Amino acid sequence: MSGIEFEFQLPREDFKLQVSGTLPDRGITALFGASGSGKTTLLRCIAGLERAPGGKLVVNGEVWQQGPTFLATHQRPIGYVFQEASLFAHLGVQRNLEYGWKRIPRPHRNIEFEEVIRLLGLEHLLGRFPHQLSGGQRQRVAIARALLTSPALLLMDEPLSALDLDSKQEILPYLERLHDESRVPILYVSHSPDEVVRLADHLVLMEHGKIVAQGEINQLLTRSDLSLSRLDEASAVLKCRVAAHDPDYHVSYVAIDNSGLKQKLLVPFKDLPTDHPVRVRILARDVSLALQMQSQTSISNILPARVVEVFPSNTPFQVIVKLDIGGQFILSKITKRSAALLHIEKDKLVYAQVKSVALMR
Amino acid sequence: MDFSVVDSPAIWITLKLALFTTAILLLLATPLAWWLATTHSRAKTAVSALVAMPLVLPPSVLGFYLLVMMGPAGLVGQLTQTLGLGLLPFTFSGLVVASVIYSLPFSVQPIQAAFEQLGNRPLEVAATLRASPLDRFFTIALPMARPGLLTAMVLTFAHTVGEFGVVLMLGGNIEGETRVLSVAIYDHVEALEYDKAHLLSAGLIVFSFTTLLLLQQLNKKRKWQPV
């Protein structure tokens, strides 16, 4: 039995946590919602830092909480990265890192000390004390310290929210590398759509202590019944693989995963080996529609697509068109007028002209 | 001068009393402070008040009741007699017991404040890093509360050295057994031996100043800062 099966009810001051479900045991799952939606409380319940009476938690077939069984936090094979700097101020970086590492019996360690140091770029910081580090550096040490406990599950509670923009930009690549190189499933609490779009494979949407929706990121970002598809920044994330490079024009081609149509996108050159997984973000407002394949245009990415549905946007004069480009979806934000003139309706075959593609990694 | 011969037992007894009291209180006050800092029990306020009592009670009141309790008719007195320990008043052991009670708030309060300032977060972090509750207490709470522990030790020590009222009520003034410095100074003044009183008093002033200076140095010396 794989996955993280949970059921919690816990009254708080301003909401009542009331959740149940199963989360995937791989990749990054983002718990996304406004503050007060209960995402941190859910994370703390999973860590055992919060005790929800009558709750249930089974991780990969192992019971962590059920009936009278309640594993204390220190008995759970988790790593936890807190929102703010949580390094032990009285210990140097090296000893902070060793704190959890030393408490894991040798046979249970599945990651090398040096490996983690390299992964988070801490080589030069080992001799320092926490007060001698920047906010971003501290959070990197905290992430490494959590990883060094060889967790079966890594819990991250808005690890970037207390950082300034520069430090965020500093850490995101490390998190992406973590996603690519480590097999530890990660639960990532966030209220930032940007972080979610960059990192998450799976999305759990929370509101007032309840789970509103959950699913694969591409599915959830493009669902017409959720507010995500109506944001100004509404976008779709596509899972792709590097297909080829064209050094003459300094561009790369990436193939869209599970596309029966073998669709490819042209992106700015990225120095990655062929077949390396990448993710691509396409904003709804960057996609226009045409009924015929345009050849005489400066737009490089034109994809044949099938209209899945047309629904209202956050403005009165525009609509969102959800398009199937072969297994994955993208959104297109066009004017109501254009939609009417082109007779855009369900199942119509169109050409999606993508003005701009952001390669996330 | 012959005062050194007369007063050296008093100096020795004072130091011994202060050392014993500090050591016992460190062992006693630390868990008590930890409990007070972390408990949600309703008994907390009552226990807190009880611990603080010696701060507001006149030492003579405290000494009087200790004398009654430890006396032949008192509960504690009967217990010590049954155990074959004899009676505690007018003995050095009696002084130690009295000092421990008298100096309790000076130990508990700085340590409790240090634990409270620490907050729950570092302990939660340690728990997610597989540290058991006892492990967390010794590797996180105690080292991080070190300034508080140090303050508690110095205050307790200095406070015990300067104790007068309780000692007088409970220990009397037995040369070589219960006569401490403060009592010796009192005796010298009574006997109009001002030069001897001066010497001991000035000595105490220098001692107190040095202790506090040392404490500040020790607290400054640590390599880390809170973040």
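Cut-off values and rules
Residues numbered from 1 in each chain as written. Chains lettered and ligands numbered in written order. Predicted model: local features only at pLDDT ≥ 70, side-chain atom pairs only at ≥ 80, totals over all residues. Heavy atoms only, no water. Contact = heavy atoms within 4.5 Å. Buried area = accessible area lost by both parts, 1.4 Å probe. Salt bridge = Lys/Arg side-chain N within 4 Å of Asp/Glu carboxyl O. Polar contact = N/O pair within 3.5 Å; in protein donor to acceptor, adjacent residues only side chain to side chain. Helix = DSSP H or I, 4+ residues; strand = E, 2+ residues; numbered from the N terminus. Domains from an automatic or database assignment. Phe/Tyr/Trp six-rings, centres within 6.5 Å; stacked < 30°, edge-to-face > 60°. Buried < 20%, exposed > 50% of the residue type's maximum accessible area, 1.4 Å probe, protein only. Lys NZ or Arg CZ within 6 Å of the ring centre and 35° of its normal. Pairing = 2+ DSSP bridges. Axes fitted to C-alpha atoms, helices over the stretch in contact; angles between N-to-C directions.

Q: Could you give me a rundown of the interface of chain B and chain A, with the residues and numbers involved?
A: On the side of chain A, 27 residues touch chain B, which itself brings 23 residues to the contact. Around 2300 Å² of area is buried between chain B and chain A when both sides are counted, 66% of it from carbon and sulfur atoms. Of all residues in chain B, Leu129, Arg130 and Val227 of chain B bury the most surface against chain A, accounting for 34% of the area lost on that side. At the surface where chain B touches chain A, the tally comes to three salt bridges. In this structure, the salt-bridge partner of Glu124 of chain B is Arg44 of chain A, at a minimum N-O distance of 2.6 Å. Our count for the contact surface shared by chain B and chain A stands at nine residue pairs in polar contact (both at pLDDT 80 or more). Contributing elements (two or more residues each) for the side of chain B that touches chain A: helix H6 (121-128) and helix H7 (133-144) of chain B.

Q: Outline the domain arrangement of chain A, listing residues and values.
A: Residue and element names in this part refer to chain A. Domain boundaries assigned for chain A yield domain 1 (4-220) and domain 2 (235-359). Computed over C-alpha atoms, the centres of domain 1 and domain 2 are 33 Å apart. Carbon and sulfur atoms supply 40% of the area buried between domain 1 and domain 2, which totals about 820 Å² over both sides. Considering only the side of domain 1, the residues that lose the most area to domain 2 are Val197, Asn218 and Gln219, jointly responsible for 58% of the buried surface there. Residues Lys239 and Asp201 are paired through a salt bridge, measuring 3.7 Å at the closest nitrogen-oxygen approach. Where domain 1 meets domain 2, there are eight residue pairs in polar contact (both at pLDDT 80 or more). Where the side of domain 1 that touches domain 2 is concerned, the elements lending two or more residues are helix H6 (193-199) and helix H7 (217-221).

Q: An account of the packing of aromatic side chains is requested, with residue identities and associated values reported.
A: Enumeration over the complete set of coordinates arrives at twelve aromatic pairs over all chains. Ring centres of Trp101 of chain A and Phe113 of chain A lie 5.5 Å apart, and the angle between their planes is 65 degrees; this geometry places the pair in the edge-to-face category. Taken together, the residues Trp101 of chain A in helix H2 (residues 93-102) and Phe113 of chain A in helix H3 (residues 113-119) connect sequence positions twelve residues apart. Each member of the pair, Trp101 of chain A together with Phe113 of chain A, is buried. The structure contains a cluster of three or more aromatic residues connected by ring pairs, namely Trp34, Phe115, Phe137 and Phe138 of chain B. Residue placement shows Arg51 of chain A over the ring face of Phe70 of chain A; its charged tip is 4.0 Å from the ring centre.

Q: Quick rundown of the sheet that holds strand S20 (residues 349-354) of chain A? Include the residues and the values.
A: Residue and element names in this part refer to chain A. In space, the five strands of this open sheet follow the order S16-S20-S17-S18-S19, with antiparallel pairing throughout. Since the sheet does not close on itself, it has two edges, and those belong to strand S16 (287-290) and strand S19 (329-335), each with one partner. Between one strand and the next, the sheet's axes are offset by a mean angle of 50 degrees, whatever the strand orientation. Of the pairings in the sheet, the one linking strand S17 (residues 301-312) to S20 comprises six bridges and is antiparallel in character. Directly across from Ile302, in S20, lies its bridge partner Gln353.

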